[in-house]
Structure formats: structure tokens, C-alpha cells
Amino acid sequence: MSAAFDSAARHPAPACLPGTRVEVLSLLSDWLDKDGGSPICWLNGLAGSGKSAIAQSIAEKYAGQGRLAASFFFSRREVRRSTAQTFFPTISLQIMSFFPSIRPAVLSAIDDDGSIPTKILREQMQHLIQEPLLSLKESLSSPAVIVVDSLDECEHDYMVLELITLLAELLRACTIPLRILFTSRTESHIQAKFNEPEIQVMTHAMELRAFNAEDDIRSYLKHSFGEIVERHQILRHVAAPWPSEHDFNSVVEKSSGLFIFATTVVKFVEDRHHDPRMRLGKVLNEETSSDPASSAYTDLNILYLDIICISPQVDHCQLLLGVIRYVSEPISIHDLDILLNAPDVDVRFVLSALKSVILIPDNEDEEVRIYHTSFGEFLSNRERSKDYFIDPDTHHHNIAQLCLQLMVKQLKRDMCDIRDPSKLNSEVEDLADRRKRYINRATSYSCRYWSFHLSRVPHNGSLDASLVNVLREFASKSLLYWMETLSLLGELEGAVSTLHTAIHWLKGLSEVPADVLQLMNDAVRFVLMFLDGIAQAALHIYYSVLPLTPTSTLLRKTYDDELIGTFTVLSGIESDWDACTRSVTVKGCVTSLDFSPDGNMAASGSDDGVQLWNATTGNNIAKLGMPVNPSCPVAFSPSGSCVAAGYDDGLVAVWDTLSGLSLVNNKECHEKQVSALAFSSSGDLLASASSDASIQLWDVKNGRPLRRFSGHSSRVSLLMFSSDNTNLVSGSDDTNIIVWDVMNGRMQHMLKGHKDPVRSVAISPDGAYLASGSDDKTVRVWDARTGTCIKILKGHSKSVQSVQFTSDNLHVISACLRLLDVLLVDAAGSLVKSLVSSPTDADGRALFSPDSTKIAYWGEDSDLHLYSSSTGRRLDKLDGDIDDISCVAFSPDNKYITAGLTDGTIEVWDLSSNKRLVKVKSELPSVTSIVFSLDHTKIACGSAKGGLRVLDALIGHTISKFDGPAEQVTALNFSRDGELVAFGSQEGSIQLLHHSTGVCRPLASKENAMSTAIDFVEFSDDNSKLTCRNTDGDVTVWDSVVELNGVDGEESGPAEKDETCNIESLSPPLSYLISRTEDGILGDSLFRPGYVLRKDGWILDDKKKLIWLPPSFRPTESKSTSLIVDGDRLIVLGVSGFPLFLNLAVLRS
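The rules we used
- Residues numbered from 1 in each chain as written.
- Predicted model: local features only at pLDDT ≥ 70, side-chain atom pairs only at ≥ 80, totals over all residues.
- Heavy atoms only, no water.
- UniProt positions renumbered as here; feature names shortened; annotations may be inferred.
- Helix = DSSP H or I, 4+ residues; strand = E, 2+ residues; numbered from the N terminus.
- pLDDT = per-residue confidence, 0-100.
- Contact = heavy atoms within 4.5 Å.
- Pairing = 2+ DSSP bridges.
- Axes fitted to C-alpha atoms, helices over the stretch in contact; angles between N-to-C directions.
- Phe/Tyr/Trp six-rings, centres within 6.5 Å; stacked < 30°, edge-to-face > 60°.
- Buried < 20%, exposed > 50% of the residue type's maximum accessible area, 1.4 Å probe, protein only.
- Lys NZ or Arg CZ within 6 Å of the ring centre and 35° of its normal.
- Core = buried A, V, L, I, M, F, W, Y, C linked by side-chain atoms within 4.5 Å.

A. The arrangement of the UniProt feature "repeat: WD" (unreviewed entry) in the chain in detail. Mapped onto the present numbering, the UniProt feature "repeat: WD" (unreviewed entry) falls on residues 590–623, 634–665, 667–708, 709–750, 751–792 and 878–919. The span residues 634–665 shows a helical share of 0% and a strand share of 50%, and its end C-alpha atoms are spaced 15 Å apart.

Quick look at the structure:
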């Protein structure tokens, strides 16, 4: 709220002196008070002409009348006031106070999406202002007022123009009377925007130069000089009037209509430590330029030079002015002292001579500010400031070095003395007080802006060397502490752009310091991978993130000492960073993704609609259109300025990516779902295709359909423009490819030959060849000029989804649906190389051996691997190749392991030699559950169709068969004597089989069946009870299970349920279990509470947060094989497809 008219940060804000600017204020009041008329007023004029004072006076007047809805005073001297990104959140807070009835709507929007303040301006306005105003219950008798001052001081011209556009749209959509006053310099881009027809009709423009300011300046000077006479005793003995009429008129003349000159003179003359007569004389004795072409600021320049040159310590003065001029946000005298770390510089003493141009508060904790923008501009202009020029290169260098030195000195581990790593930042009740106590504002400033100043330093040998040295010290000593501090400040998301800026600067050096650059690159990957966890809990940089950092990275090696007191990763992390830089969790299934050509933005299509993302940080930028999943892949235009999507109802939509403005929104041209989209290389044209076999060409700029292409008989699945945009190529489910003339829509060639639908097409860079891939598993190369097929390539195992020419026109690369099945073909169609993957499974599962020394890991598409549970090292491979594994079991004596396959095969290995003993078909269609008997001589296995088999474990012959109801067997176990087999199903039923006699009976009738699938069954030692559990975590204990033993051919009724209980109520001895809750996966040993892996990545011991895992380390879903626990050892099966072995003993001690 520092941008509001009454913000303490702007105090004392300049306003019009009573009796001045009467005409301008009267005209503005008339405009604001009357009904009807233009809803926008643009007040423009030169810098220093009093625009902000007028805006302040209007804001104060209408706030006093209860009509000021909001205000925003831009200032390039403060980062938060120099960007439009903070405009709508700030305005929304004020409007919410003005219209209390919209408060629920605003808060609801923020609750639904807390990232709104980071999104594009259109999203912000829509969710924070426009939509909430629809719920408005208050009524207004007079227009409400919004004041927006100094548009020209907002960074990025395009954002200024977008802001004006959006506020004009808000006024058009608004049902309440609303007026907006804009002020700015007469910048060409701003003037052009207000002159656009749709905005010009809404705007009343006022130019300050049309108003004679001389009388107002006379009134102001007369009043101010009168106050000086009253305050200075020395003037009481001077003959009146003082100053003389001649001198007074000279000051007015020198002001040249600029209030800033007049106010600066007053501040200069009124200094109580100097004789006002001498100071006024200095102002009057400087010669005014007689050159008509001289700058309007000539006299102001002379005045500023006079002020600076009287400073008693010019070197110190320039040092301080350099810092004050170039810091990104104002800092206090106290913080200047800390930042400079120069005992010989008396900050207050030096600045006291500059009171006429620098606002110096009495309180040393309040910010020091340049009084007016014109003084900062004067300092930065060598021609105007001459010997007192504040060179930006030198002073940005100084500030960057000071920031880095301060961080090295101040930052440390556990910066705010929280001590308890189990607490999230939000759970530290007094965190705000701790931040004030432990992180001074100079350190906070340094953490946020050091790389900004670094980026402004041009590469120069001597300057580079000193900066590189301090940057190396920072990177090798304080990098983690810096990230922790940003987390505590709530500024961690800015870390990535800060690091990228530093990396860019380092790469520009003539001799790039490899170690510093590598640490910075590692830090980028570190933050991106672990951002969500660090942002939640700062201390988990050390307790979660660093232990999971790839072991061979320089950052991990450099900060290895910080691992004290953390858990141990036995195995499962890579030695270096992998290809994935950032994982972001989104709602619904993402069905398409495209990157902007510059790589800075990503567009996704999902159940939540089309969304734009920052490709570096993963932040959501915008939600575009309806919350409906597009029917075809989203597509960026070649410039990245537009993104397109198509929908099931035939709608084609295109948006401007900067503003979110809809450019095309038409569903009249396609009768069925849109199936493909393609932009021309210029981005001016868009082609859309549909399941109705039609193709439509669009003019993107005007949003109009141009022409329709007809020729296919079935769904058109792909489109591509030639590089010169003269041809459009389409592929269809009708197996044909058509080359079209874009200008007239005529068919040039129909390429026939594929036997199944066409899935991919490519045009060579020189336009001479086409390549296509199809469901028929072939790649065809075509002569683009004649349409004849040159070569047919067979070699893919599945549908060819992608073909691409290399840039030299010599090769075609094709890929099919298999995880990695790529063929490299020359342009004539001859196979050069085939790349086939060794599949990995991101949905893997794992199991401890009974003695906890080994872990078996497998997936349906990967081999069976064994690991040492103490070291995480992979053990020797088992004999044979195994695919399509469904379930695995160890023998109770740890000597054997068996696997059930999806094709019904059973395999058994001897773990002492890794030799395969048995490989036999079980006669089951698939094996979904398997277990050894206690004496390891028998194996029981169940299938997806409800069948069950008992086999001899060492030779593989079938001992017993049972084919029951067609319900998938999800859990089974032998009784202690090996005679009974209990098994549970997907539907929650539990049955007991005497495998020698074939007698089977249900333990639970359908009415008493458990509500979800059974995932655990186990007999008590005396076989008198059976404990079962379902996937909801409900546990039941059954009695009388032994009465089936020895019964010959008779079936009894359902057994009695002894008890139903919660996990916590059961006592040992029972086997290790895994269960789930709504929040995540619960690992419990002996039915007692244990570790929990929540869906948000936190591993808990009871309720204590121990570790945060990033998405890439988490399981894809909450299932019983995703987390395995043995004492303090955890194995987590994440989406990477490889198990992560953790030892948490240190954390529990």
C-alpha cells in the first residue's frame, strides 16, 4: 500500500498550497462532480510542473468526501511502485475497503488461486476487481474516484499501455459511476494510447502548459518566504520586504513555470544552519542562459549544482548520492550505515547539507528519498551535473559489492533462530517479529537486489576482478543462507531470476570463473527442484533439500558441512542433475503442452482449461478462456505473442499472451471437435482442422475466417505450413496427405499410400521433401513437387507419432509410441540408426525381505532388481530376463524369491546363487497376488479373474486349484501349518480355502464384506484368528477360522467377526503393514503409528515434519507399495522409477 495517496512511505506527500492551482483543481472538480461526460481525464505536463501535487490534492479532497475509491502513485525510485504488476492488487485492497460488500468475492478469488498477483494484468483485473464488482451491493449518488499518478514512471511501456486499456475496459463494463484521473509526462507512447479512437472518446485531456503557473508560483513563494522570515532570527533585522521585489521576481522568472524549481529554492534557502540571504544570493547570482534553445531545466541545473557544491565532504556526498540514486527502493540512514560499513562516513552529517533535494527524516529508521525525480535525472546526466555526475556504472558496481559483502558478513544458518526444523514458516507464530529482529533492512535489500546491481555493471578488467572475488566468497560461503533468508522473507520465487541475472553477467566476462558459474548454475537447479519445500520451511534447505541434492554437484560438495544433523540417503539420488528442472502439480490431467519459441513461457491444456506458465519458475501466469480441456494440442505462434486452442464444440480460440486479450473466438466454422491447429511462420495466419474433415484458415489479427479447405473424408489429425507460407499440408484418418495452396485453397497433391491413419508429417527446410508417419508403423518420404513416394521405411514397433527433418535436409528422425523407439533415416529413406530404449517404470513397487536385509523392486515394464537395504546398493542380477511383473514375495526364511507375471507365469529364484529354479505357467490368466508358505515349500497365487493355485515352490507343479467368483485376488496368505489359504478380493470379500480338500467358504457374507479391496490378510500363531485390512485402512479380526481344517467336502456358513478396530488399537505380534489415509501413505510397523508420506511431499513421524520430498521423488499415487519402512529406514518409490533409500535415525534421536 506504499503507492496509496496517504501511505506513510510517501509522507510528506507534495500537495498544492491553498490558493494555488485554483483553475486546474476547479476544472478537475467540475469533471469529477458532474454526471455523464468522459469517465477518464488525462492530465499531462513537464516533469516538475506540479502534476503529482495536483493528483495528491484531488485524492485528499475526495477522500475527505468519502468518494476516493483508490489511488496509485507510481515512482521509478521504488521497485514496488515502479511496476504495473502491483497495481491491481493494491487498487483491489483499497476498493475492497471502499465497497465492503465485495470483500468475500475478492478473498474467494485469492483463496481459489493465491498466485493471482503474479499473473498477467488482465487476470488480475478480472479476478480482483471486475468480477468482485458484480457482487456489489452498495449504490453511489456521485461518481467514485480513482487517481493514477505518474504513468510515465511505470517500467515497461507495454505495461503502461495495457494498464490504460484494461482500466478503460473496466469503465465500460462497470455498472457504477466511476472516474479515473491519470497524470503523466507527455510521452509519445502514452499520448498515442489516449489518442486511440476507442479510448479517446472516453477521455478528457488537460495539458498543464495551457495553464499559467506563474501566479501560483508567486503565491507559493510569497507564503514560503514569509515562513522563512518568521523562523530565522537574522531576518528580523533586515529591512522589509525580504526578499526585495526585484529578487522575488527573479526567482519567479527562473522557475519558468516549474514548481520543482520554486520548492527546491525554498528548501535550499530555509536551511536553519545557513544564512538565508547568502543562499538566496547564490541562487540569484548564477547567470540564466539567454539561448532560446536552452533546456527548460537550465536554471534548475544551476540550482542543483549550487546545492551539491556546498557539501563539506564532496567525495562522501557523491558516494551517498550514488547509493540513494541507484538503489531499487529507498533505505534509511541506519541501513545506509550498515550497507556502507564505512566508519569514516557520517551519513547524517553529509546528507544534512542536501536537505533541499533529499528528504531526510528525523527518525533514522525511516527511508531517505530524493525529493523529486528531476534531481535523480540531473545526477544521471553528465551534461547537466558536470563534475558531480553520478556514474551509474561505478555506483552500481559499488552497491553490488556492498550487498555481497554484507550478505557474507550477516547471513548464517537458522537466520531467525527458529531452531525447530519441523515447523513451517507459517507455523512460527512470531516470525514477523523475528524477521525484524534478525534481518535488518539493509540485509533484506541486499538479498533481493544484489544481482540487479551486478547486471548494471559493464565488463571492465579492474572492476570485474574485485566483483568476481566477492561473488566467489558469497557463492562458496553464503549461498544456502541467502536462500534460507529469502524463504523467511517470502521472496524465494525471485531467487531464480536473481541467479539467472548473475549467470548472464558472469558469462559476459573475458575470463569466466568456472567455479562461481557452476555454483550459480547448481543453485538455479537447486531452487527450481526444491522451491515449494524451501518456500514452506526455510530450515529444510539443510534438513531435506541438501541431502537430496545430486552428490557430484559442486554445490553439494561445497556445502557438505551443512549436512550435520540431517538424514542419510543410502541410495536413489543421481550423481548429477537430470533433465527435469521443475515439477509443478496441477489440477486434472494435462493433455497437451507447448513452449513459446523463446522458451520463457509454456501453455498447457487440461481439465482446468488453457493456462500459461512461467517456464523457468513454474508459476502460473494466466488462465485463458473456459475451464474446459481443449480437444487438440495448444499451440504458440512463432513469435510467442499468441496461443491457440480448439474445443469439442468446434470453437477455435486465440489469445494475446501478454494481455490475455481474445483475438479469435469462433465456433461457426467447424461442426465437430477441433482436431489440429497450426500457425504460419509469420503468425498472421492460423489453420484449424476438425473431426468433420474440414480445414479453416483464419486471419489472426482481425479474428476473421478467410477460407475453407475441403478434400478429406475423415478426421484431419495434423496440419503444417511450408516455411514460405505458400502451402499447407494436412494429414487425416482417411490415410491421405493433402498439399494445399494457401492463397486460393486449391488442392495441389493428394499423397496416397499409408494403410492406416496419418499421425505425423514434416516438410524439409528446403521444401523439396515431405515425410509422414502412420499407425501402419511406417515412415514415407515424398517428393513435395510431384507428390510421389520416394521411399517406405519399416522398422517401428508401434504407431509413428513424430517425424522431423534435420536442418541440413539430409536426415529424417522418427519416433513411435514406445518409450524410446527412434529411427534416423537419410532423406532418400535409408535407415541410418535405430535407438530402442531399455524401459524403466515410474510406477514401480518394492518389498522388504523378512530379515530386512534386502529389498525387491519391480514394475510391470521393468526387470526385478534386488538392493541392499542398509546401503541401497543394487545386488547381482537374478537369472533370466523378466518382464511384466505383477507381484513378488520372499520366502519366510529369506532363501527364495518368487514373482507372478501378468501372463500367469510363476518364477522362483534361489537367493544364495540368484539361479532361477522354477518358471512355470500357472494356468491363470494373470497373477495379481503371491505368497510363500511358512516352510517355503508351497506358493499360493491368485489372479485377476478370481482363480487361485497352490504350487510346489521348488519344482513348480500344481498342488491345488480353485476357481471361484470372478473377483480379482488382491491379498492372500497361508495359515501357520500351511493347510489353509485366506484370500481377499477387489470387492472386499474374504474367503478361506483348505487347499488339500478344495473346500472354500466365505468368511464374510456380501452384507458384511469390507467396503474396499482387501490388501492384507494374516493368521495368528495358533490359526484361530485371521486379521484383514482393506485399502481404507479398516482392520477386521475373524474367529473360528480353524473349523475348516480337516473338513471333507463340506462348507460351513460365514465365520464370526471377532472385532473391527482401528490400526492403533492392535498389538503385536503381527506383520509389517502399509496403509493409506486421505492425506497420503501411512507406513506402520506392527500396526503401530509410524511414518506418513503426505500427498504434499512431507514425511511425518507422528505429527512432526521430518523431510519434504519434491514431486520427482514422490509416488505417483497413494498405494501400499509406494512407501516401505523398516525401523528408521525408508524406501520411497517415486515417479523416477527408482527407489530412494533413506535412514532417518538422526532425525528421530
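B. Region of the structure containing the confidence of the model for the chain. On average, the chain scores 84 in pLDDT, and the residues at 70 or more come to 89%. Element-level mean pLDDT values for the chain span from 40 in strand 52 (residues 1073–1076) up to 97 in helix 23 (residues 479–489). Across residues 289–295 the pLDDT falls below 50, and counting only partners more than four positions away or on other chains, this stretch makes 2 contacts in the model.

C. Quick look at the sheet that holds strand 10 (residues 601–606). Pairing is antiparallel in the open sheet, where 4 strands are placed in the order 9-10-11-12. Pairing within the sheet leaves two strands with one partner each, and these edge strands are strand 9 (590–595) and strand 12 (620–624). Between one strand axis and the next, the sheet turns by 20° as a mean value, whatever way the strands run. Note: strand 10 against strand 11 (residues 609–614), 6 bridges, orientation antiparallel. Bridge pairing in strand 11 links A603 to L612.

D. How the structure looks around the packing of aromatic side chains. Here the structure, examined in full by the defined rule, presents 23 aromatic pairs. Look at F474 and W482: their rings are 6.1 Å apart centre to centre, the planes differ by 75°, and that puts the pair in the edge-to-face class. Taking 5.3 Å as the distance between ring centres and 50° as the angle between the ring planes, the aromatic pair formed by Y867 and F1141 counts as tilted. Residue Y867 is found in strand 35 (residues 862–868), and its partner F1141 is found in strand 59 (residues 1139–1143); the two are separated by 274 residues along the sequence. The two residues Y867 and F1141 agree in class, both being buried. Between R413 and the ring centre of Y542, over which it is positioned, the NZ or CZ distance is 4.3 Å. Here R413 stacks its cationic end above the ring of Y543, 5.3 Å away from the centre of that ring.

E. The nonpolar core, seen in detail. Of all hydrophobic cores here, the largest spans 149 residues; its most connected members are W450, W482 and F526. W482 has contacts with M407, L411, C447, W450, F474, A495, T498 and L499, leaving out every residue within four places of it along the chain. Counting residues in each nonpolar core, the second largest holds 47 residues, with A69, A70, L171 and C174 among its members.

F. Geometry of the sheet that holds strand 22 (residues 727–732). The 4 strands lie next to each other as 21-22-23-24, forming an open sheet whose pairing is antiparallel. With partners counted over all chains shown, the strands left at the sheet margins are strand 21 (716–721) and strand 24 (747–751), one partner each. For this sheet the average axis-to-axis angle between neighbouring strands, irrespective of direction, equals 15°. In this sheet, strand 23 (residues 737–741) lies alongside strand 22 in antiparallel orientation, the contact comprising 5 bridges. Across the sheet, residue S730 finds its bridge partner in strand 23, namely I738.

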